[in-house]
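Here is how the chains run, residue by residue.
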Amino acid sequence: MTRDLQLGDELPDWAGAKEFYQKYDPKEVIGRGVSSVVRRCVHRQTGQELAVKIIEITAEKMTEQQLEEVKSSTLKEIHVLKTVSGHPSIITLIDSYESATFIFLVFDLMRRGELFDYLTQKVTLSEKETRSIMRALLQAVQYLHSLRIIHRDLKPENILLDDNGHIKLSDFGFSCQLVPGQRLRELCGTPGYLAPEILKCSMDETHPGYGQEVDLWACGVIMFTLLAGSPPFWHRKQMLMLRMIMEGRYQFGSPEWDDRSDTIKDLISRLLEVEPAKRLTADQALAHHFFRQYEPEEVRSFSPYRKFRVLILTVLASIRVYTRYRRARPLTRDILTRDPYSLRGVRRLIDACAFRIYGHWVKKGEQQNRAALFQNSPKIVLLELASLEEEEAD
Ligand code: ADP
Ligand code: MG
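Model, not experiment: these values are computed from the prediction. (Residues numbered from 1 in each chain as written. Chains lettered and ligands numbered in written order. Predicted model: local features only at pLDDT ≥ 70, side-chain atom pairs only at ≥ 80, totals over all residues. Heavy atoms only, no water.)

Draft legend 1. Quick look at the overall build of the protein. A tally of helices and strands in the protein yields 14 helices and 9 strands. With 394 residues in all, the protein has 44% of them scored as buried. Counted over contacts in the protein with a minimum sequence separation of 6, partners at least 24 positions apart contribute 62%. Surface exposure of the protein reaches about 21,500 Å², of which carbon and sulfur atoms provide 53%. (Helix = DSSP H or I, 4+ residues; strand = E, 2+ residues; numbered from the N terminus. Buried < 20%, exposed > 50% of the residue type's maximum accessible area, 1.4 Å probe, protein only. Contact = heavy atoms within 4.5 Å. Areas by Shrake-Rupley, 256 points an atom, 1.4 Å probe, with all protein chains shown as cover.)

Spelled out as structure tokens, the structure:
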């Protein structure tokens with residue numbers, strides 16, 4: 001792996017790296033970030049498989065100031081990780097080592113990778129699956145916020161899946177713990193997920209700053225994306241996308257949202273609320289009707305009222321199935337060749353095939369709608385914001 005560091009190096013500065021290599025055997029790359037590489041690694045004594053995030057802090061590639069920034073933000077990341085490790089929906093930091101050139105963070109290995117890759121494979125998720133993912137995500141956010149920690153980079157690439165398909169929140173690189181009453185002004189995060197107040201704040205010096213509400217906005221963007229298969233705010237020109245965000249301009253378009261419930265749209269619209277004070281908190285979101293549906297105890301308890309309710313719902317569902325069946329158009333070769341996309345089943349099949357073929361390309365593409373999930377470093381936002389400001393001034 002990291003060609004410079006070898007087991008047995010005697011340089012005192014590299015003591016941390018040496019310790020890491022003595023204890024762990026790094027294997028193949030399983031992920032990459034802006035200034036980090038993540039590898040599978042094996043604990044030499046026990047054979048346990050883990051993941052190591054290796055953050056490079058060498059002067060060759062960065063200016064002195066960038067170096068300091070990476071170092072201090074990684075130390076902050078370690079502090080937050082140590083504070084929150086142990087929550088069932090948050091990644092566990094197992095070990096950390098520092099050397100003059102690298103920092104090593106050892107985590108649980110999340111074998112099923114990113115929620116993003118899972119989503120591109122499945123194209124869209126069901127309401128049931130979205131419910132279980134969003135519940136776990138919001139519980140993690142609720143826990144962070146109870147400790148006054150803001151994540152600031154919630155997105156499907158930073159949500160990982162374990163062996164059982166349960167999610168764990170990771171990448172605390174932009175997170176920070178606030179002191180009571182503190183507001184933030186810094187422009188950071190990933191463009192498609194930035195809350196309107198983060199953008200407004202960086203354009204207006206008199207803005208009071210932003211707080212933990214920004215994480216709930218990102219949860220709204222994630223929830224929309226899981227159900228629609230594409231993000232709510234996207235435009236080929238990033239500047240226009242940022243404007244859409246600031247105005248809270250998005251749509252539950254057709255056909256993706258035709259079959260989705262009002263309950264689910266209601267929750268999304270309360271998370272994608274431009275005014276932070278009116279946006280749902282994590283507690284409020286978890287209390288939303290959407291999370292009260294299909295609770296396991298409803299199935300288990302059979303009070304007379306529940307029995308009656310189940311009976312009525314079954315009758316109503318049967319009527320609905322019967323009437324829909326009667327209204328259904330017969331599938332003819334003509335419809336299939338003329339307008340295949342109008343048929344729900346065929347539409348899903350086409351989308352799924354397209355993603356199996358183009359998935360790798362979409363991840364890097366510039367022109368594709370779904371590429372917005374991945375694109376853009378904060379630096380680009382700054383440039384775009386500058387031009388947006390110029391345009392506003394004109
Ligand atoms: P960055 O801060 O540079 O974005 P991340 O912590 O998000 O770094 O890691 C980059 C990528 O590495 C993730 O998006 C994911 O694909 C992979 N990764 C990170 N941690 C783990 C882990 N514990 N298990 C499996 N893959 C991981
Ligand atoms: Mg990341």
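Draft legend 2. Layout of the coordination of the magnesium ion (ligand 2). Looking at the magnesium ion (ligand 2), one finds its protein donor set to be Asn158 (OD1) and Asp171 (OD), positioned 2.1 to 2.3 Å from the metal centre. Separated by 13 residues along the polypeptide, asparagine 158 in the loop between strand S6 (149-150) and strand S7 (159-161) and aspartate 171 in the loop between strand S8 (167-169) and strand S9 (176-177) bring together distant segments of the chain. When its relative accessible area of 7% is taken as the criterion, asparagine 158 is described as buried. Assessed through its relative accessible area of 24%, aspartate 171 is described here as partly exposed. (Donors = N, O, S within 2.8 Å, 3.2 Å for Na, K, Ca; no water.)

Draft legend 3. Region of interest: helix H6 (residues 213-228). The terminal C-alpha atoms of H6, which comprises 16 residues, lie 23 Å apart, in line with the 22 Å expected from a rise of 1.5 Å per residue. Within H6, 15 of the 16 residues are buried, which leaves it mostly tucked inside the rest of the structure. Among the residues trailing H6, glycine 229 stands out with phi positive, at a value near 80°. (Expected span 1.5 Å × (residues − 1).)

Draft legend 4. Region of interest: the environment of isoleucine 149. Tracing the chain through its elements places isoleucine 149 in strand S6. Note on isoleucine 149: relative accessible area 0%, which makes it buried. The spatial distance from the C-alpha of isoleucine 149 to the C-alpha of phenylalanine 172 is 10.0 Å, given a sequence separation of 23 residues. With sequence-adjacent residues up to four places away left out, isoleucine 149 is seen in contact with Val80, Thr83, Val84, Leu144, Ser175, Cys176 and Gln177.

Draft legend 5. View of the environment of serine 73. Within the secondary structure, serine 73 is located in helix H2 (residues 64-84). Given the relative accessible area of 27%, serine 73 is considered partly exposed. Considered as a pair, serine 73 and phenylalanine 172 are 99 residues apart in the sequence and their alpha carbons are 9.3 Å apart.

Draft legend 6. The pattern of salt bridges, seen in detail. Inspection of the entire model under this criterion finds 13 salt bridges. The salt bridge partner of arginine 249 is glutamate 247, with a shortest N-O separation of 2.8 Å. You can call arginine 249 partly exposed: its relative accessible area is 42%. By relative accessible area, which is 46% here, glutamate 247 ends up partly exposed. For the salt bridge of aspartate 266 with arginine 270, the shortest nitrogen-to-oxygen distance reads 2.8 Å. Of this pair, aspartate 266 and arginine 270 both sit in helix H8 (residues 262-271), separated by 4 residues, roughly a single helical turn. On the accessibility criterion, arginine 270 (42% relative accessible area) is partly exposed. (Salt bridge = Lys/Arg side-chain N within 4 Å of Asp/Glu carboxyl O.)

Draft legend 7. Seen up close, the sheet that holds strand S2 (residues 36-43). In space, the 5 strands of this open sheet follow the order S1-S2-S3-S5-S4, with antiparallel pairing throughout. In this open sheet, the two edge strands, each paired with only one partner strand, are strand S1 (24-32) and strand S4 (93-98). Neighbour to neighbour, the strand axes of the sheet diverge by 25° on average, direction disregarded. Bridge analysis of S2 against strand S3 (residues 49-56) gives 7 bridges, and the strand direction is antiparallel. (Pairing = 2+ DSSP bridges. Axes fitted to C-alpha atoms, helices over the stretch in contact; angles between N-to-C directions.)

Nothing here speaks to function; it is all geometry.
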